[in-house]
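Breakdown of the fold
Residues per chain are reported as follows:
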Amino acid sequence: MPRVIVWAAHLALPLVGLWLLLSQPGADEIWQHHEAHFWLVMVVAAINVVVGVAMSVAAKRRGDGRLFLVSLVFLAAAGFLFAHALATPGVLIGHPNAGFDQSMAVGLIIGSVLAVLSSLRLPGTITRWQSGLRIALGLLLFVWIVWSLSDLPPLSRQDQIRDVEGPLVWVSWAAVVLYAVAAIRFYLLYKKSPSAVLISVVTSFVLLAEAMVTVTLADKWRLSWWEWHLILTAAFLFVAYSAYVQYRREGSAAGLFDGIALAATNRQIRQQYEKALEELVAALQESEQGAAPERLAARMAERFGLTEKQAEILDRAAAALVAERELSGQLKSLVAVGEQAEVQTGEDEFIRKTIETVRDSFGTIEIALKSDGTLEKLDGALPLTVKGQLAGAVAISDKIRPEVRQTLAHQLSIGLENARLYGELSTLFRQYMSPDVAAALLADPDQAALGGRLVDVTALFADLRGFTTFSEAVEPGDIVEMLNRYHGVAVPCILDNGGTIVQFVGDALLALFNAPARQDDHEARAVRAALQMQDAVREIAEGHPDWPRFRVGANTGPALVGNIGSELLRGFNAMGDAVNVAARLQTIAEPGQVVIGGVTYDAIAKQVTATPLGELEVKGRVQTVRAYVVEALA
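Summarised in this report is the structure supplied together with it. The shown structure was predicted, so the numbers you read here are calculated from the model rather than taken from an experiment. (Residues numbered from 1 in each chain as written. Predicted model: local features only at pLDDT ≥ 70, side-chain atom pairs only at ≥ 80, totals over all residues. Heavy atoms only, no water.)

Of the regular secondary structure elements, the chain holds 19 helices and eleven strands. Taking all 634 residues of the chain together, the buried fraction comes to 46%. A separation of at least 24 residues holds for 72% of the contacts in the chain among residues at least 6 apart in sequence. Carbon and sulfur atoms form 58% of the exposed surface of the chain, whose accessible area is close to 32200 Å². (Helix = DSSP H or I, 4+ residues; strand = E, 2+ residues; numbered from the N terminus. Buried < 20%, exposed > 50% of the residue type's maximum accessible area, 1.4 Å probe, protein only. Contact = heavy atoms within 4.5 Å. Areas by Shrake-Rupley, 256 points an atom, 1.4 Å probe, with all protein chains shown as cover.)

Spelled out as structure tokens, the structure:
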């Protein structure tokens, strides 16, 4: 706020000076020096023309309507100031006339209209009027100069005491208001997006308003009259100096007046620069030596009118962005490697996925694992450890930051250790329990605690009809061979359908569906597994007519599912009436058949083809059981 007050105080000084001169007529002396007037006005007009033309060129290059209108404000002021200089008495015309008196007032009035228009929200079509407005302003100025120098009426009047008289006074005061409105609106833009050239335009509009006031109130050739010449000089020099300072700072005239441009133009400029930077970044990423990016930077500099220094900054910015993106990609790869370092991932699969994952961000990496006590030597490789012991090495490009390379090696070590732990788990106990149970225990070890929860399950029981009689007639080795052959095809049928094998008891097995993993279609999964199991066993039995056949029963209902046993020895199991009924249905089934309970049938009635057995009495149960023999499942 103090800076704004100081700025406003400085801008008020010209009006204070005008008031002092007008309030003290004796101090407001006449100084009539035509030659000094001519050269002063010509120099100021020339400076203003340079500013206006520079803005006009920038407006045409950017296609910006606001910048174009602001340039016309300065060109109009410069043009009519030039006309004022040419009409100086004793230079090209022997006496003063209205063309000399009123030219600056007319230029300032035209400028005020353009100034307030430039501060408004303009339609995009304004840029189409650039040529027409320039031509109109040029023709008006040309006619004014010719008419004034030819001393033709009404510009031939010679009796004016002031430059502005009659109705033109009211128009002049309206122009002051328009300049004030434009200055306020541009100041609000400056508050949103500060810019040196923008505040210079605000200052110049305020000074043009003060010049309009001075032109209206001052008598010709008095010191107060000379004051508006000085105010105009200050306004134009202020904008020119601001542009010069920005030029020295940026080293280019390409974006000197972008601070005045419309928001849409600035967005377009940012998009162009972003596109240029993206192109440069892409070239940097594709080139290893950097020659191609340098040529591209030169093209970018030519396209956007950048200096050598700015192109150098663009190069550095692109290189920094490439480094940032590379680091970001590397960190993402590290996260992905960490996600792959799961216990359930095999060693070979983990290494293959890791190499694929990091290829884009780290390049090709080489991994060598210790085998038979020896390790292949890799240049610049980092060690991989398992349980604190050297297990391998990984070679990563030395272009990668050392700390990032070390982090990747650490992640690889963790993943390799997990993969080997997974292999040990598979060997030690996965072959002794269902994969679903093993996975659930790995994810949540607390599930190994004694107890359970009530869950709707579909229980599947299967055993061999006539197994006892068969066992009496053959050697134990033949029994084991038969069971292994049968279970070797039966187990995959159950696991492939998402079932969990709870236990093997001699020739029988129990499987659960919907526990521990939840399945919305567990009834259909159980029946499908049973049918597939019977088909697989049938093919084996055709080659061994004397071997007994499986009979299968399945039933759905609530059961207590969990770990049953003691602190020393426990097993995953299910207990409940639904499980008992499944066991009884299995005893009802004939070899090769699948018998299901009524609840199971009702759940898949639209999918299954089955023969009803009616309400059956089963051992150990008071209520009857509705049962069906399954023929097929859609």
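This brings us to the pairing of strand β5 (residues 500-505). One ladder, built from five bridges, connects β5 with strand β6 (residues 508-513); its direction is antiparallel. Opposite Q503, over in β6, you have L510 as the bridge partner. Here β5 folds back onto β6, and the loop between the two strands holds two residues, one of which, G506, carries a positive phi near 60°. (Pairing = 2+ DSSP bridges.)

Our focus in this paragraph is the environment of A574. In this fold, A574 is placed in strand β8 (residues 570-575). The residues touching A574, leaving out its near neighbours within four places in the chain, are L512, A559, L560, V561 and V579.

For the rest of this paragraph, the subject is the pattern of salt bridges. Applying the stated rule across the entire model yields eleven salt bridges. For the salt bridge of R222 with D219, the shortest nitrogen-to-oxygen distance reads 4.0 Å. For D219, a relative accessible area of 23% corresponds to the partly exposed category. D577 is the salt-bridge partner of R621, the closest N and O atoms lying 2.9 Å from each other. Highlighted residues: R621 in the loop between β10 (608-616) and β11 (625-633) and D577 in helix α18 (residues 577-588), separated in sequence by 44 residues. Among the charged side chains, a network of salt bridges with common partners joins R162, D219 and R222. (Salt bridge = Lys/Arg side-chain N within 4 Å of Asp/Glu carboxyl O.)

Attention now goes to the packing of aromatic side chains. Taken as a whole, this structure holds 15 aromatic pairs when the rule is applied. Each member of the aromatic cluster is reached from another via a ring pair, and the members are W31, F100, W221, W225, W226 and W228. (Phe/Tyr/Trp six-rings, centres within 6.5 Å; stacked < 30°, edge-to-face > 60°.)

This next bit is on helix α5 (residues 130-149). Two residues of an α-helix separated by three or four positions point the same way, owing to the 3.6 residues in each turn. Helix length check: α5 (20 residues) gives 29 Å between terminal C-alpha atoms against 28 Å at 1.5 Å per residue, within 8%. Within α5, the full set of buried residues consists of Q130, L137, L141, W144, I145 and S148. An end-on view of α5 places all buried positions within 95° of arc, on one side of the element. When the buried face of α5 is taken as reference, the exposed residues oriented beyond 90 degrees from it are I135, L139 and F142. If you follow the buried residues of α5, they end up packed against α2 (34-62), α3 (65-86) and α4 (98-118). Looking at the residues trailing α5, positive phi occurs at D151, about 55°. (Expected span 1.5 Å × (residues − 1). Arc of directions from axis to C-beta.)

Attention now moves to the environment of N97. Along the chain, the position of N97 falls in the loop between α3 and α4. A relative accessible area of 0% means that N97 is categorised as buried. In this structure, the C-alpha to C-alpha distance between N97 and L149, residues 52 residues apart in sequence, is 9.0 Å. In this structure N97 touches S148, D151, L155, S156 and R157, once residues within four positions along its chain are discounted. Side-chain polar atoms of N97 contact the backbone nitrogen of G99, separated by 3.1 Å. (Polar contact = N/O pair within 3.5 Å; in protein donor to acceptor, adjacent residues only side chain to side chain.)

Any functional reading would require information beyond the geometric quantities listed.
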